[in-house]
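Each chain, written out:
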Amino acid sequence: MRKTAKRGQIIVVSGPSGAGKSTVIAEVRTRRANLTFSISYTTRQPRQGEENHVHYHFVDQETFRQMIEEGAFLEYASYQGNYYGTARADVEALVGDGYDVLLDIEVQGGATVRRLCPEATLIFVVPPSFGELSRRLHGRQSESEEVIQGRLNRAREEYREIPNYDYLVINDKISEAADEVLSILKAQDCRVSARFDMIKGDISL
Ligand code: 5GP
């Protein structure tokens, strides 16, 4: 992770549970220097292997509600009975320091970021098919059938939001999906709006 002089960009990555988002994000992070991600707050219980302040800041409902009242969240949403939110101050500090900040958030949060930060890039990650999504969720063996069915129903609703995103990545192979995300980020770097200042002085524009 490397700081840069200019302001960083916000990149939203959404997609149904089981799309392999976290794995793709982890791969992308190892291959792009100034990319980091904001650790979200959640009221859900930690899963096995998850660490507080590493995977999430795990907080109780009361703390989360208080943070909502204080306006601490850039965005937050309720998902499968739990709250999830992105701390405004964390994102502002990282972007101000020149880091590109990746937000792994669901679609309501994505819509909020689009509204509040129109310059953000929104990427939606899907598995190759819905059947494959079901297989991946069943393969985890950590969740009950009821929870899995809930996640599949929720996935159907989330797919309807795809037209509001800028890019669609189909995650068949992790390394190829990571390549696509990196290409998207590279293209964003090359936008005139991101680069014009760098060359303006050359010909006194
Ligand atoms: P999980 O419980 O599987 O870790 O996450 C469930 C969903 O919540 C995922 O779609 C994930 O992207 C989303 N999520 C995680 N953090 C946030 C957040 O800060 N805000 C919003 N809106 N969604 C989040």
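See above for the structure.
Residues numbered from 1 in each chain as written. Predicted model: local features only at pLDDT ≥ 70, side-chain atom pairs only at ≥ 80, totals over all residues. Heavy atoms only, no water.

## Let's talk about the sheet that holds strand S9 (residues 167-170)
Next up, step 1: Reading across from one edge, S2-S7-S1-S8-S9 is the order of the 5 strands in this open sheet, with parallel pairing throughout. Sheet topology places strand S2 (35-37) and S9 at the edges, where each strand pairs with a single neighbour. For this sheet, the mean angle separating the axes of adjacent strands, direction not counted, is 25°.
Next up, step 2: As paired elements, strand S1 (residues 10-14) and strand S7 (residues 100-104) share 4 bridges and run parallel to each other. Bridged to Val-12 within S7 is Leu-103.
Next up, step 3: Strand contacts of helix H7 (residues 174-189): S1, S2, S7, strand S8 (121-126) and S9, with the helix running at about 160° to S9, the strand carrying the most contacts. (Pairing = 2+ DSSP bridges. Helix = DSSP H or I, 4+ residues; strand = E, 2+ residues; numbered from the N terminus. Axes fitted to C-alpha atoms, helices over the stretch in contact; angles between N-to-C directions. Contact = heavy atoms within 4.5 Å.)

## A few points about the packing of aromatic side chains
Next up, step 1: If you walk through the whole model with that rule in mind, you get 12 aromatic pairs.
Next up, step 2: Ring centres of Phe-73 and Tyr-76 lie 6.0 Å apart, and the angle between their planes is 50°; on these two criteria the pair is classed as tilted.
Next up, step 3: The exposure class of Phe-73 is buried, given its relative accessible area of 5%.
Next up, step 4: A relative accessible area of 37% places Tyr-76 in the partly exposed class.
Next up, step 5: Members of the aromatic cluster, joined through ring pairs, are Tyr-41, Phe-64, Phe-73, Tyr-76 and Tyr-83. (Phe/Tyr/Trp six-rings, centres within 6.5 Å; stacked < 30°, edge-to-face > 60°. Buried < 20%, exposed > 50% of the residue type's maximum accessible area, 1.4 Å probe, protein only.)

## Digging into the site of the ligand
Next up, step 1: The environment of the ligand is made up of 16 residues, and the closest members are Ser-40, Arg-44, Tyr-56, Tyr-84 and Asp-104.
Next up, step 2: At 2.5 Å, a side-chain N or O of Tyr-56 approaches an oxygen atom of the ligand.
Next up, step 3: For the ligand, an oxygen atom lies 3.1 Å from a polar atom in the backbone of Gly-85.
Next up, step 4: Taking 510 Å² as the accessible area of the ligand by itself, protein coverage stands at 94%.
Next up, step 5: By residue class, the composition of the shell around the ligand is 5 nonpolar, 4 polar and 7 charged. (Near = heavy atom within 4 Å. Polar contact = N/O pair within 3.5 Å; in protein donor to acceptor, adjacent residues only side chain to side chain. Areas by Shrake-Rupley, 256 points an atom, 1.4 Å probe, with all protein chains shown as cover. Nonpolar A, V, L, I, M, F, W, Y, C, P; charged D, E, K, R; others polar.)

## Section: the pairing of strand S5 (residues 73-79)
Next up, step 1: When you tally the buried positions in S5, you get 5 out of 7 residues, the bulk of the element.
Next up, step 2: Bridge analysis of S5 against strand S6 (residues 82-87) gives 6 bridges, and the strand direction is antiparallel. Residue pairing for S6: Tyr-76 is matched across the bridge by Gly-85.
Next up, step 3: Hairpin geometry of S5 and S6 is characterised by an intervening segment of 2 residues between the two adjacent antiparallel strands and by a positive phi of about 50° at Gln-80.

## Topic: the pairing of S8
In the case of a regular strand, side chains alternate between the two sheet surfaces.
Next up, step 1: Buried residues dominate S8, accounting for 6 of its 6 residues.
Next up, step 2: Residues of S8 alternate between two faces, with Thr-121, Ile-123 and Val-125 on one and Leu-122, Phe-124 and Val-126 on the opposite face, all of them buried.
Next up, step 3: Pairing of S1 with S8 involves 4 bridges; the strand directions are parallel. Considered in S8, the bridge of Val-12 is made with Leu-122.
Next up, step 4: Where S8 and S9 come together, 4 bridges link them in parallel fashion. Within the sheet, the bridge partner assigned to Ile-123 lies in S9 and is Tyr-167.

## Observations regarding the pattern of salt bridges
Next up, step 1: Scanning all chains against the criterion turns up 14 salt bridges.
Next up, step 2: For Arg-154, the salt bridge is made with Glu-158, and the minimal N-O distance between the two is 3.7 Å. One end of the pair, Arg-154, and the other, Glu-158, are both in helix H6 (residues 145-159), 4 residues apart, so they sit about a helical turn from each other.
Next up, step 3: You can call Glu-158 buried: its relative accessible area is 2%.
Next up, step 4: Several salt bridges converge on common partners, so that one network encompasses Glu-27, Arg-31 and Asp-179. (Salt bridge = Lys/Arg side-chain N within 4 Å of Asp/Glu carboxyl O.)

## A short note on the packing of helix H5 (residues 130-139) against H6
Next up, step 1: Two elements in contact, H5 and H6, have axes separated by 10 Å at closest approach and are oriented at 150°. When the axis of H5 is compared with that of H6, the two are roughly antiparallel. In the packing of H5 onto H6, the handedness of the crossing is right-handed. Only Glu-145, Ile-148, Arg-151, Leu-152, Ala-155, Arg-156 and Tyr-159 of H6 make contact with H5, whose side of the interface consists of Phe-130, Leu-133, Ser-134, Leu-137 and His-138. (Parallel < 35°, antiparallel > 145°, perpendicular 65-115°, else oblique. Left-handed = near helix turned anticlockwise from the far one by under 90°.)

In short, the description is geometric, and any link to function would need to be established separately.
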